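A look at the structure
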Amino acid sequence: MKRPSQDNGRALTDADAETPSAHAASVPGGPRTADTDGSQDRAPVVVGTPGSFARGVLDERHTALIERVRRATPYPPAHQRALDALLDEITKGSIEPLDDAEPGADRWRDEPYYGQRWADVPFLWAESFFYRKLLAALGHFTPGPWLGIDPFAPFKNAELAGSKVDDELSALDRLPALPPHEQDRTLLLSSLWGNRADLGFQLSAGEGGLGDRVQGLVVDDSDALWEILATEKPRGPGGPGKVCLVADNAGPELLPDLVLADHLLATGRAASVALHLKPYPYYVSDATTADTLACLDRLTGASGRAAAVGERLRDAVGDGRLILRSHPFSCAPHPYDRMPADLREDFASATVTVMKGDLNYRRLVGDRHWPATTPFAEATAYFPGPVAALRTLKCDVVTGLAPGTLAELDAGAESWRTSGTHALIQVRS
Ligand SMILES: O=P(O)(O)OC[C@@]1(O)O[C@H](CO)[C@@H](O)[C@@H]1O
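Computed from a predicted model, the values in this text were never measured in an experiment.

Conventions adopted
- Residues numbered from 1 in each chain as written.
- Predicted model: local features only at pLDDT ≥ 70, side-chain atom pairs only at ≥ 80, totals over all residues.
- Heavy atoms only, no water.
- Phe/Tyr/Trp six-rings, centres within 6.5 Å; stacked < 30°, edge-to-face > 60°.
- Helix = DSSP H or I, 4+ residues; strand = E, 2+ residues; numbered from the N terminus.
- Buried < 20%, exposed > 50% of the residue type's maximum accessible area, 1.4 Å probe, protein only.
- Lys NZ or Arg CZ within 6 Å of the ring centre and 35° of its normal.
- pLDDT = per-residue confidence, 0-100.
- Contact = heavy atoms within 4.5 Å.
- Pairing = 2+ DSSP bridges.

Here's the deal with the packing of aromatic side chains
This structure, assessed with the given rule, holds 20 aromatic pairs. Relative to W125, the ring of W108 lies with its centre 6.4 Å away and its plane at 70°, an arrangement referred to as edge-to-face. One end of the pair, W108, is in the loop between helix 6 (77–92) and helix 7 (123–137); the other, W125, is in helix 7, with 17 residues separating them in the sequence. On the basis of relative accessibility, which here comes to 1%, the residue W125 falls in the buried class. Pairing Y282 with Y283 gives two aromatic rings, centres 4.6 Å apart and planes at 55°, and the pair type is tilted. Both residues of the pair, Y282 and Y283, count as buried. By way of ring pairs, the aromatic residues W108, Y113, Y114, W118, W125 and F129 are connected into one cluster. For the cation-ring pair, R68 lies above F155, with the distance from its terminal atom to the ring centre recorded as 4.1 Å. Above the plane of the ring of Y361 lies R391, whose end atom (NZ or CZ) is 4.2 Å from the centre.

Describing the confidence of the model for the protein chain
Mean pLDDT over the protein chain: 88, with 85% of residues reaching 70 or higher. Low pLDDT, under 50, characterises residues 1–34; the stretch is placed with 85 contacts to residues that sit more than four places away or in other chains. Below a pLDDT of 50 lies the segment residues 198–211, which in the model reaches 45 contacts outside its immediate sequence neighbourhood of four places, other chains included.

Overview of the pairing of strand 9 (residues 423–428)
For strand 9, a buried count of 6 out of 6 residues is recorded, marking the element as mostly surrounded by other parts of the structure. A two-sided burial pattern is seen for strand 9, the buried positions comprising A423, I425 and V427 on one face and L424, Q426 and R428 on the other. Of the pairings in the sheet, the one linking strand 3 (residues 217–220) to strand 9 comprises 3 bridges and is parallel in character. Opposite V219, over in strand 9, you have L424 as the bridge partner. Relative to strand 9, strand 8 (residues 387–392) runs antiparallel, the two sharing 6 bridges.

This is the structure we're talking about:
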């Protein structure tokens, strides 16, 4: 079922999704904390260098995505022409601003990259603006019949409806048979590997049962994460606090994220979970409120324990323990070190902020070519409050590897950074 992009029940307009605060604190060319110490030399910002992963995304994935979107939904001629124009722009042209008539175009007016080649500007910015232009081409923010229609809904709906999801959800029935610490580990790893677009609930007792999912971990700070969340640890006056969970993809990744959120609430690790979603469709699979509601429907429509979890999550939304957020900065073309004050405050007041997925990792560490052994704490020193990253590696950017681990990875398959075969759980307390 397609739900228009919505936030609290009303269709989002671009004005909602790109309030000045979303960009005011992220004015390009503005003060970059990370650059003032000369880190540009030590950790250059990722751009579309020939032969790089980023260049492959810009030249191949984006062009292929336009054709996938075109085939998935019967768009009218005007939208088809707009897609043709976007395809020309990203393959032959330079970066053009949004049309003046596009809702919210004024908030992109002062960006500094127009007239440049897509491959020459920060990769994070180029990708982000590509998705914004794709939505513009399809009238996502334009009042009319296509307002709020998610161009990626066909892909997301198909993933969620699949019988593989039924099999994975039924595996939840075996969770109570595991000892508590194994339940913790299984659900954390399921959320982690869900970023590789499989739910990972296939449970089995004991460490060895998780097979390559454990072997693929290049950093595992999970003990530190559970320590931050420990219920027996003396807490502040109010006991357990708020956990911010910054979601990534819908469907097969969001389901285990929601099950983990339920687990944190049910085991007293969190009094509330603030689930950060995207205010509009982004990066194909990124989760919106509509996708979250579809996942809750999928859970409650399943059998056994999955249905019970779904009902508990619905209740948690209703009584304010599961808080859905869709901050405009979640779709901003900048790293988190430019987040606006209200978002900074939300993270600062959390027991821990859990960042899911590759894109959030890139934004967290500034989308830079850090030396891979750079401490995660150094690359995230600006971040307010404790932060954890649960991410499968899908691009060149990585920090916090032990020298021995890096040597071993570099001695193996060249694609370890981008193939999704490896993952990390990193914590900065
Ligand atoms: O955040 P996710 O979903 O884990 O991964 C998103 C991502 O890997 O896909 C893009 C390439 O298609 C990358 O630029 C981006 O980081």
